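# Understanding the architecture of this molecule
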Amino acid sequence: MLEINPTKKIQRIDKDVTETEVEGSVVLLHIENGQYYNFNKTGSDLWNGLAQPLSMNELVKLIVDKYSITTDDCQKDILVWLNDAFEHKLIQFVD
Amino acid sequence: MIVDSIDALTLAEVNNVLPNQITIFGLTVQLMWQPIELKPQSEYECTPEHFYLNICDVAAYWVNPQLNQIIIERVDATINYTIVSTWLFGTVMAYLLQYHGYLVLHGSAVLISQQAVIFSGDSGAGKSTTAGALVKKGYPLLTDDVVVVKTLADGTMVLIPGPPKLKLWADALTLLEHDSNGLQPVVNKRDKYQFPTDNHEVKLYPIGRFYELNPDTIVKGISCDELFGIDKLHILIKNTYRYNMLKPLNQLSIHFKSCSKLSTQINVFQIRLLRDSQSMAKIIDLVENHTAKIN
């Protein structure tokens, strides 16, 4: 699992990606690798949240505020999502 | 000779004429029957600037998409228009249609209650046979093998009808009680014949339903599941015609968005069926029951 600096801003790599929404969930096509990605509700919230650069802490806050849950409840899942998204080159750190 | 209607197209085939221009799936295309200069080394090339396909012992096709021009170099004069049209109306037109941003799916379609109903699936799954069985019941044929979808200005997605022909295997012909005498053979497909159907629909039709056919040895008779959400999108993408041309054409993005939009406008079903003498009757029953429920 990648160690993610929680205060460092993260951004989407939009240029290689086409997105659409199917029944409220974000579905992405990565044009370079030809893969499709389907996000669940929270994943869609995170992707949509990253319409502007946000840090991991800010993403956690976004989910906590939206669903009225505790930080502990969602932090680990968000870390997993971020790891996957980094691995599949959907997001990157802002320089 | 300019052939610009479906009637004249059929006539050209019967008379073995080589047309200079055809209008097919709404696109007017120039056909040039001459040698291709500077042929590529490979049998197939697909770029945004040109398309090349060489079918051994038949013909080579070169497409200039900016001019909607296709050069066809036949191996010799025994290769008639009917044989050439097998690939011309399939892969070659699909390139042009994808180039112009149309959504091209693999399937056959008939008209039921003023809506296009599409039958899709792998080669041999029964798309043409199912369409043929429904045509026999009186439903007009809209297209066979290549389904072309266009997005109108208001966002509605409609089907553009294709040439009024069905390609059927010899055993399917027997099932539908036609014999193959007097029908033109379609080369390179074992025992598959073309027979003209009666209608020449040139209007655009809203799309109602999409059925993916899956032959199955385990299912008892027939099973049908309606799909929702992401599964619908997946099935439409999966049944794209010549999917591998989209990336070289830089049309992956448009294709993705079109499939997504289409999935919100139609009902999508996955059918599993045992291929036996009853399977056509079962599909027809199922499709007609769905029609009754919708109306």
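About the criteria used
Residues numbered from 1 in each chain as written. Chains lettered and ligands numbered in written order. Predicted model: local features only at pLDDT ≥ 70, side-chain atom pairs only at ≥ 80, totals over all residues. Heavy atoms only, no water. Contact = heavy atoms within 4.5 Å. Buried area = accessible area lost by both parts, 1.4 Å probe. Salt bridge = Lys/Arg side-chain N within 4 Å of Asp/Glu carboxyl O. Polar contact = N/O pair within 3.5 Å; in protein donor to acceptor, adjacent residues only side chain to side chain. Helix = DSSP H or I, 4+ residues; strand = E, 2+ residues; numbered from the N terminus. Nonpolar A, V, L, I, M, F, W, Y, C, P; charged D, E, K, R; others polar. Pairing = 2+ DSSP bridges. Axes fitted to C-alpha atoms, helices over the stretch in contact; angles between N-to-C directions.

### Overview of the interface of chain B and chain A
Bring the parts together and some accessible area is lost; that lost area is often taken as the interface size. Taken together, the contact between chain B and chain A spans 13 residues of the former and 13 residues of the latter. Together, the buried faces of chain B and chain A total about 1,100 Å²; carbon and sulfur atoms form 65% of this surface. Applying the counting criterion to the chain B and chain A interface returns one salt bridge. Linking chain B to chain A there are five residue pairs in polar contact (both at pLDDT 80 or more). For the side of chain B that touches chain A, the secondary-structure elements that each account for two or more residues are helix H5 (230-238) and helix H6 (252-265) of chain B. Among the elements that make up the side of chain B that touches chain A, the one with the highest residue count is H6 of chain B (six residues). Class assignment of the residues belonging to the side of chain B that touches chain A gives a composition of seven nonpolar, four polar and two charged.

### With respect to the sheet that holds strand S5 (residues 59-64) of chain B
Residues and elements named next belong to chain B. Taken in spatial order, the six strands line up as S1-S2-S6-S5-S4-S3 in an open sheet, and their pairing is mixed. Pairing within the sheet leaves two strands with one partner each, and these edge strands are strand S1 (21-24) and strand S3 (44-46). The average angle at which neighbouring strand axes cross in this sheet is 20°, direction not considered. Contacting S1, strand S2 (27-33), S3, strand S4 (51-55), S5 and strand S6 (69-74), helix H2 (residues 81-99) crosses the sheet at an angle of about 130° to S2.

Function cannot be inferred from these measures alone, as they are strictly geometric.
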